[in-house]
Amino acid sequence: MAKTIQAIRGMNDCLPTESGKWQQVEAGIRQVVASYGYQEIRTPIVESTDLFKRSIGEVTDIVEKEMYTFADRNGDSLTLRPEGTASAVRAGNEHGLIYNQQQRLWYMGPMFRHERPQKGRYRQFHQFGVETYGLASADIDAEVILLSARLWKLFGISDHVTLQINSLGSNEARQNYKDALVAYLKQHESQLDEDSLRRLESNPLRVLDSKNPQVQALVSDAPSLLEYLDDDSKAHFALLCELLDNAGVAYEINPRLVRGLDYYNRTVFEWVTESLGAQGTVCAGGRYDGLVEQLGGKPAPGVGFALGMERLVLLLDTLEKIEQNQPAADIYVTALGDDTRGYASQVAESLRDSDSQFRVMLHCGGGNLKKQLKRADKVGASVALLIGSEEMAAHQVTLKPLRGNGEQVNVALSELPAALHNVLSV
Ligand code: HAM
């Protein structure tokens, strides 16, 4: 037998038993973004490698270790997108959507990072994200947070996620803070692990992110970012907090929240849950006022976030907040005898004409009654329509309820939609 080929590690199939859950989540997201006036943008999955190097930052885990980068047949270096923000800015600059304008955009689709796969962390995963441009004040920071909060409300999980916020301040304030942090960490260098020592040289703020308990303890006594904020950033952060308070959105200020991508300034935030184990960040984002210019556009502010769809589906499933998949069809149309196939197909089509909500499956491939009813049961149908030559001659069907103890009855074609509504609503 030929050897079977398997999916790439960390890249998952979404099977029919799961896809209905994804559709429910996607429909909820579409409903919420529309209610805030956001418009969809779709960008390619493959971009120039430089785009991600210049935006996410050369000294980040994503760019250093996780990108799927390859040379195409012309020798150009291309990368499967690891996130959506850089592409949105690239497209916005390229098509003149950003300069002198205001935009509220959203996207949904696959992203790729070569991380070690585990529950909630995959190599191909999906993000839903929003990106806004041309809006400098904290009311838009609050709006994107409220938009995400509305999703939790819609899905009934508000009690299971908490919001952490922080401000990284201006570039200058962050540089001053960096100097103070480095000075502090150098005093305690012997307590740093190898990873933190490396970060201390290349990207010191990321030491704040360390998962090592010993480093965490050290960091908890380090100078706080918030003490170094410039006055404008302080006022921006105060307004954000005020707007969140007004809207009744609870938050924790986490001065050690720095995020793993370099483009942020001022507001950063994460929604985290304790119900998913180690990969508890469901949604994360912030402000990135320098990125548009950094990628060659005229300066314009940006704010956005991205939500990990696998993590959200997993969370909803764990908390039993999502409907399990419905059977593929409610009504199974049999065709008993080869000469009834045309009539059975007509019956099925006329039912679909009469009510688009009817989910009708037509038996294909012949076989006796027992075999056809077995299929009806397998697909989870509630009703079988038995169609033989007698039914065909009389323009009727025999309606057989498959669940409960309803009686089998003959029904004229003209009465069939009403009869099915009756049976299916019981
Ligand atoms: P990020 O924190 O890298 O930010 O990713 C956002 C979310 O995507 C994470 O919180 C997580 O839920 C999900 N995610 C990330 N990596 C994986 C993975 N390997 N497997 C499963 N889920 C994952 C960004 O990507 C920024 N572009 C967010 C943003 C938009 N900031 C401003 N605008």
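The shown structure was predicted, so the numbers you read here are calculated from the model rather than taken from an experiment.

**Focus: the overall build of the chain**
- Broken down by element type, the chain carries 15 helices and 16 strands.
- With respect to the principal axes defined by its C-alpha atoms, the chain has extents near 90 × 60 × 45 Å.
- Counting over 426 residues, the chain shows a buried share of 49%.
- A fraction of 70% describes how many contacts in the chain between residues 6 or more apart in sequence connect residues 24 or more apart.
- Surface summary for the chain: the accessible area is close to 21400 Å², and the carbon and sulfur share equals 47%.

**So, helix 1 (residues 16-35)**
- Across its 20 residues, helix 1 extends 29 Å between first and last C-alpha, which sits within 8% of the 28 Å expected from 1.5 Å per residue.
- Of all the positions in helix 1, only Gly-20, Lys-21, Trp-22, Val-25, Gly-28, Ile-29, Val-32 and Val-33 are classed as buried.
- Buried positions along helix 1 lie against strand 5 (103-112), strand 6 (124-133), helix 5 (138-155) and helix 11 (309-318).
- Of the residues trailing helix 1, Gly-37 is marked for its positive phi of about 75°.

**Points about the site of the ligand**
- Taken together, 26 residues lie around the ligand, and Glu-83, Thr-85, Glu-115, Glu-131 and Tyr-264 are the ones closest in.
- Between Arg-259 and the ligand, the recorded distance is 2.9 Å, taken from a side-chain N or O atom to an oxygen atom.
- In the complex, 96% of the free accessible area of the ligand, which totals 650 Å², lies under the protein chains.
- Elements that contribute at least two residues to the shell around the ligand include exactly strand 6, strand 10 (281-287) and strand 11 (302-308).
- A breakdown of the residues in the shell around the ligand according to their chemical character gives 11 nonpolar, 8 polar and 7 charged.

**Here we look at the sheet that holds strand 14 (residues 383-386)**
- Taken in spatial order, the 5 strands make up an open sheet running 13-12-14-15-16, and their pairing is mixed. Taken across any chain shown, the strands that pair with only one partner, and hence form the sheet edges, are strand 13 (360-362) and strand 16 (409-412). Along the sheet, successive strands turn relative to each other by an average axial angle of 30°, direction set aside.
- Here strand 12 (residues 331-333) runs beside strand 13; their pairing, made up of 3 bridges, is parallel. The residue of strand 13 that forms the bridge with Tyr-332 is Met-361.

**Structural notes on the packing of aromatic side chains**
- The full count for this structure, using the stated rule, is 9 aromatic pairs.
- Judged by centre distance (6.5 Å) and plane angle (80°), the rings of Tyr-36 and Tyr-38 are edge-to-face.
- Between Trp-152 and Trp-271, the aromatic rings sit 5.6 Å apart at their centres with planes inclined by 75°, giving edge-to-face as the arrangement. Of this pair, Trp-152 sits in helix 5 while Trp-271 sits in strand 9 (residues 265-272), and the two are 119 residues apart along the sequence. Residue Trp-152 shares its accessibility class with Trp-271, and that shared class is buried.
- Grouping aromatic residues by their ring pairs yields a cluster made of Trp-106, Phe-128, Phe-269 and Phe-305.

**Structural notes on the sheet that holds strand 3 (residues 68-71)**
- Here 3 strands make up an open sheet; going across it, the order is 2-4-3 and the pairing antiparallel. Of all the strands in the sheet, just strand 2 (46-48) and strand 3 have a single pairing partner and so form its edges. Ignoring strand direction, the axes of neighbouring strands in this sheet form an average angle of 35°.
- Two elements, strand 2 and strand 4 (residues 77-80), share 3 bridges in a ladder whose sense is antiparallel. Its bridge partner being in strand 4, Val-46 is matched across the sheet by Leu-80.
- Each of strand 2, strand 3 and strand 4 is contacted by helix 2 (residues 49-56), which is oriented at about 75° to strand 2, the strand it contacts most.

**A few points about the environment of Ala-300**
- Along the polypeptide, Ala-300 turns up in the loop between helix 10 (291-294) and strand 11.
- Spatially, the C-alpha atoms of Ala-300 and Gly-290 are 7.4 Å apart, while their sequence positions differ by 10 residues.
- Those residues in contact with Ala-300 that lie beyond four places of it in its chain are Ile-98, Asp-289 and Val-292.

**Some thoughts on the UniProt feature "binding site: L-histidine" (unreviewed entry) in the chain**
- Per the UniProt record, "binding site: L-histidine" (unreviewed entry) is found at Glu-83, Gly-84, Thr-85, Arg-113, Gln-127, Glu-131, Arg-259, Tyr-263 and Tyr-264.
- Relative to the elements of secondary structure, Thr-85 occurs in helix 4 (residues 85-94).
- With relative accessibility at 7%, the residue Thr-85 sits in the buried group.
- Look past the residues within four positions of Thr-85 in its chain and what remains in contact with it is Tyr-107, Glu-131, Tyr-133, Tyr-263, Tyr-288 and Leu-291.
- Relative to the helices and strands, Arg-259 is located in the loop between strand 8 (252-253) and strand 9.

**Description of the pairing of strand 14**
- On strand 14, burial covers both faces: Val-383 and Leu-385 on one face and Ala-384 and Leu-386 on the other are all buried.
- Relative to strand 14, strand 12 runs parallel, the two being bridged by 3 bridges. The partner of Ile-331 across the bridge, within strand 14, is Val-383.
- In terms of strand pairing, strand 14 meets strand 15 (residues 396-401) through 4 bridges, oriented antiparallel. Paired with Ala-384 across the two strands is Lys-400, which belongs to strand 15.

**Description of the domain arrangement of the chain**
- Per the domain assignment, the segments of the chain are domain 1 (16-169 + 236-318), domain 2 (173-228) and domain 3 (331-425).
- Taking only C-alpha atoms, the centre of domain 1 and the centre of domain 2 are 25 Å apart.
- Opposite the 19 residues of domain 1 that make contact, domain 2 presents 14 residues.
- Together, the buried faces of domain 1 and domain 2 total about 1300 Å²; carbon and sulfur atoms form 53% of this surface.
- Across the contact surface, domain 1 and domain 2 share 2 salt bridges.
- Arg-199 is paired through a salt bridge with Asp-61; the nearest N and O atoms lie 3.5 Å apart.
- Joining domain 1 to domain 2, the criterion identifies 5 residue pairs in polar contact (both at pLDDT 80 or more).
- Counting residues per element, the ones that place at least two in the side of domain 1 that touches domain 2 are helix 3 (61-66) and strand 7 (162-167).
- Take the side of domain 1 that touches domain 2: its biggest share by element is 3 residues, from helix 3.
- Taken together, the residues of the side of domain 1 that touches domain 2 break down into 7 nonpolar, 6 polar and 6 charged.

Parameters at a glance
Chains are numbered independently. Their residues run from 1 in the order of the written sequence. Where totals are concerned, whole chains, interfaces and linings use all residues; where local detail is concerned, this predicted model gives features only for residues with pLDDT of at least 70, and gives and counts side-chain atom pairs only at 80 or more. The basis for the side-chain values is all heavy atoms of the structure; hydrogens and waters are excluded. Strands here are runs of E lasting at least two residues and helices are runs of H or I lasting at least four, both read from the DSSP assignment and numbered beginning at the N terminus. Categorising residues by exposure relies on relative accessible area from a 1.4 Å probe, with only protein chains included: less than 20% of the type maximum marks a residue as buried, more than 50% marks it as exposed, and the intermediate range marks it as partly exposed. We call two residues contacting when some pair of their heavy atoms lies within 4.5 Å. What sets the accessible areas is the Shrake-Rupley method with a 1.4 Å probe; for residues, cover comes only from the shown protein chains. The length a helix should cover is 1.5 Å for every residue beyond the first. For each residue, the test is whether any non-hydrogen atom lies within 4 Å of the molecule or strand; if one does, the residue is near. Throughout this description, a polar contact denotes any pair of N or O atoms lying within 3.5 Å of each other; where both atoms belong to protein, one of them has to be capable of donating a hydrogen while the other can accept it, and for residues adjacent in sequence the pair is counted only when both atoms sit in side chains. Three classes are used: nonpolar for Ala, Val, Leu, Ile, Met, Phe, Trp, Tyr, Cys and Pro, charged for Asp, Glu, Lys and Arg, and polar for all others, with Gly counted as polar. A pair of strands is considered paired only if DSSP assigns at least 2 bridges between the two. For helices, the fitted line uses only the C-alpha atoms of the stretch in contact; every axis is such a line through C-alpha atoms, and the angle between N-to-C directions lies from 0 to 180 degrees. A pair of aromatic rings is counted whenever rings of Phe, Tyr or Trp (Trp by its six-membered ring) have centres within 6.5 Å, and the orientation is called stacked for planes under 30 degrees apart, edge-to-face for over 60 and tilted otherwise. UniProt positions are given in the numbering used here, feature names are shortened, and annotations may be inferred rather than shown by experiment. Throughout, the edges of the domains are those of an automatic or database domain assignment. Here the quantity called buried area is the total loss of accessible area, with a 1.4 Å probe, experienced by two parts when brought into contact, counted for both. Whenever Lys or Arg places a side-chain nitrogen within 4 Å of a carboxyl oxygen from Asp or Glu, that contact is recorded as a salt bridge.

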